[in-house]
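# Summary of the model geometry
Take a look at the letters that make up each chain.
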Amino acid sequence: MTQAPTPTADTVRRLVRSLLKDGTPDVGGPEVRPVAEGAGHSTWWVGTRHVLRLAGDREASVRRRREPRLRDLIRAHVPVAVPTSVAQGEWAPGLAYTLDTKVPGGSAEEHDVSAVGEADLAGLLTGLREVPVRQAEALGVPRVAPRSLEALRREAGRAAERLRAADEFDPARFQQLTSPAAVQLAAQPGSAVLVHHALTGEHLLVSADGRVRGVLDWTDTVVGDPAEDIAGLAQAVGSPAAVRAATLAGYGARPCLRGLWLARCDTVISLAASLDGRATEPLPLLRTRLRRAWEAILLERVTELRDEETDDAEL
């Protein structure tokens, strides 16, 4: 298998100079600097107005090429900004790039989300539910089956024991999520919607007044379980805010509780993996996500959830 090239500042400058021909005298082009982000692609700030995102492999290139068209579809339905591509192509043979406009705002890791910001998140969840699934699938967005909460509960239970040995977490906190409760919170048939699937704090742009102004990185978007985005928000802004936003978006108790427990299991598993050297995300961030996901909410009681009428009554 051929090793993918590693983009350098010179690689980026050459590409950017060929793309941004705005009449400005060429004195080396705009400043470029890398943005620290996860594996799979490299992201660079280009001056003050653009972001260059480079796919690192063929699979990521497929998602990168799909993203501009998907964002155009989504933009009409959500109340927050979605980046616009000003150029796209290949930065190396078979490897895609997009040059996007920079959306103003800091990340949710830098700014707290206000009550009005929670309404913005509710509008985001509502808008994603309104995006026509068939149109998204026609663009190549994959359909993903809901995860088994019972299987995730067992895996998280083992990870929790690892965290107890490191004095990071008390496994007794999992007693609320019994096996019958996990079955009770299974995803319901016919509930699939468009899901961002990576609503981490770094992908939520928040202004200084706590409003959610934009959402970045739509490459992992799928058609699937809406509880996954509720889980992402629980890690990004805390469980109470995530559940309030989901409730405002019209979701009942079942998907809210399911999202809560997806987030709680995921954060325990991720932190244990990092302690064992099997993850690259920084420990302070993983600890913060775990703390947010385990914040108490009023829906902690897992009772009989027979239908949506019961869901609404529980709220």
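Think of each chain on its own: its residues are numbered from 1, step by step along the sequence as written. Side-chain atom pairs in this predicted model are given and counted only at pLDDT of 80 or more, local residue features only at pLDDT of at least 70, and totals for whole chains, interfaces and linings cover all residues. Here the side-chain values reflect all heavy atoms present in the structure, with hydrogen atoms and water set aside.

Our focus in this paragraph is the packing of helix α9 (residues 253-275) against helix α10 (residues 283-293). Their axes nearest at 9 Å, the elements α9 and α10 cross at an angle of 155°. By the angle class used here, α9 and α10 are roughly antiparallel. As α9 runs across α10, the sense of the crossing is left-handed. Contacts between α9 and α10 pair Leu-260, Ala-263, Arg-264, Thr-267, Val-268, Ser-270, Leu-271, Ser-274 and Leu-275 from the former with Leu-283, Leu-286, Arg-287, Arg-289, Leu-290 and Ala-293 from the latter. For the contact of α9 with α10, a count of residues per class yields nine nonpolar, three polar and three charged. Inter-axis angles, ranging from 0 to 180 degrees, are taken between N-to-C directions of lines fitted to C-alpha atoms, where helices are fitted over the stretch in contact. Strands are runs of DSSP state E lasting at least two residues, helices are runs of H or I lasting at least four, and both sets are numbered from the N terminus onward. Should an angle fall under 35 degrees it is taken as roughly parallel, and over 145 as roughly antiparallel, whereas 65 to 115 is taken as roughly perpendicular and any remaining angle as oblique. Crossing chirality is assigned from the near helix's rotation relative to the far helix, an anticlockwise turn below a right angle marking it left-handed and a clockwise turn marking it right-handed. By definition, residues are in contact when any of their heavy atoms lie within 4.5 Å. Classification used: nonpolar for Ala, Val, Leu, Ile, Met, Phe, Trp, Tyr, Cys and Pro, charged for Asp, Glu, Lys and Arg, polar for all others including Gly.

With that settled, consider the sheet that holds strand β9 (residues 212-215). Any two strands between which DSSP finds at least two bridges are classified as paired. One open sheet accounts for three strands, arranged β6-β8-β9; its pairing is antiparallel. The two strands at the open ends of the sheet, each matched to only one other strand, are β6 (106-107) and β9. Sheet analysis places strand β8 (residues 204-206) next to β9, joined by three bridges and oriented antiparallel. Paired with Leu-204 across the two strands is Val-215, which belongs to β9.

Below, the discussion takes up the environment of Val-116. Along the chain, the position of Val-116 falls in helix α3 (residues 115-130). Along the primary structure Val-116 and Gly-210 are separated by 94 residues, whereas in three dimensions their C-alpha atoms are 7.3 Å apart.

Before going further, it helps to spend a moment on the side chain of Thr-267. As for its position among the elements, Thr-267 is in helix α9. Distance and chemistry together define a polar contact, namely a pair of N or O atoms within 3.5 Å, with one atom able to donate a hydrogen and the other to accept it when in protein, and with adjacent residues in sequence counting only for side-chain atoms on both sides. A distance of 3.0 Å separates the side chain of Thr-267 from the backbone oxygen of Arg-264, its partner in a polar contact. Leaving out residues up to four positions away in the same chain, Thr-267 has contacts with Gln-235, Arg-289, Leu-290, Ala-293 and Trp-294.

The next thing to look at is helix α5 (residues 149-165). Here the expected length of a helix is defined as 1.5 Å per residue gap, with one fewer gap than residues. With 17 residues, α5 extends 24 Å between its outermost C-alpha atoms, agreeing within 8% with the 24 Å of an ideal straight helix rising 1.5 Å per residue. Relative accessibility thresholds used throughout: buried, under 20% of the residue-type maximum; exposed, over 50%; partly exposed, between the two (1.4 Å probe, protein chains only). Among the residues making up α5, those that are buried are Leu-149, Glu-150, Leu-152, Ala-156, Ala-159, Ala-160 and Leu-163. Against the buried residues of α5 lie α6 (179-184), α9 and α10.

As a further point, take empty space enclosed by the protein. In this analysis the probe radius is 1.4 Å and the grid spacing 1 Å, with only protein atoms considered; a cavity is a set of points the probe fits into but cannot get out of, a pocket is an open set with protein on both sides within 12 Å along at least five of seven lines, and lining residues have an atom within 4 Å of a point. Grid points are joined across faces, edges and corners, and a volume is the space filled by probe spheres set on the points. Under the criterion given, the structure shown has one cavity of 30 Å³ or more. Estimates place the volume of the largest cavity at around 40 Å³. If you trace the largest cavity, you find it lined by Leu-125, Leu-128, Arg-129, Val-193, Leu-194, Pro-226, Asp-229 and Tyr-251. Of all the secondary-structure elements, those providing two or more residues to the lining of the largest cavity are α3 and β7 (193-195).

Time to look at helix α7 (residues 227-237). Counting buried positions along α7 yields eleven of eleven residues, so the element is predominantly enclosed. Of the positions making up α7, those classed as buried are Ala-227, Glu-228, Asp-229, Ile-230, Ala-231, Gly-232, Leu-233, Ala-234, Gln-235, Ala-236 and Val-237. On the buried face of α7, the contacting elements are α3, β7, β8, α8 (239-248), α9 and α10. Just downstream of α7, Gly-238 is the residue with a positive phi angle, here 100°.

Ranked by size, the top nonpolar core spans 69 residues in total, and within it Ile-74, Phe-174, Leu-194, Leu-204 and Val-268 carry the most contacts. Ignoring any residue separated from it by four or fewer positions in sequence, one finds Val-268 in contact with Ala-156, Ala-159, Ala-160, Leu-163, Phe-169, Phe-174, Leu-290 and Trp-294. Among buried residues, those of type Ala, Val, Leu, Ile, Met, Phe, Trp, Tyr and Cys that are joined through side-chain atoms within 4.5 Å constitute a nonpolar core. Formed by 14 residues, the second largest nonpolar core is a distinct cluster that contains Val-32, Ala-87, Trp-91 and Tyr-97.

Buried residues dominate strand β3 (residues 50-55), accounting for six of its six residues. With five bridges joining them, β3 and strand β5 (residues 95-101) adopt antiparallel strand pairing. Within β5, the position partnered with Val-51 by the bridge is Asp-100.

In this section: the packing of aromatic side chains. Centre distance within 6.5 Å is the pairing criterion for rings of Phe, Tyr and Trp, where only the six-membered ring of Trp is used; planes under 30 degrees apart are then read as stacked, over 60 as edge-to-face, and the remainder as tilted. Overall, the coordinates contain five aromatic pairs when judged by the stated rule. Look at Trp-261 and Trp-294: their rings are 5.6 Å apart centre to centre, the planes differ by 90°, and that puts the pair in the edge-to-face class. Placement of Trp-261 in helix α9 and of Trp-294 in the loop between α10 and α11 (308-314) is noted, with a sequence separation of 33 residues between them. The buried category is assigned to Trp-261, whose relative accessible area is 0%. Here a set of aromatic residues connected by ring pairs shows up, and it is made of Phe-169, Phe-174, Trp-261 and Trp-294. Between Lys-102 and the ring centre of Trp-45, over which it is positioned, the NZ or CZ distance is 4.6 Å. Charge-over-ring contacts are defined here by two conditions on Lys NZ or Arg CZ: a distance within 6 Å of the ring centre and an angle within 35 degrees of the ring normal. The positively charged end of Arg-264 is found above the aromatic ring belonging to Trp-261, 4.8 Å away from the centroid.

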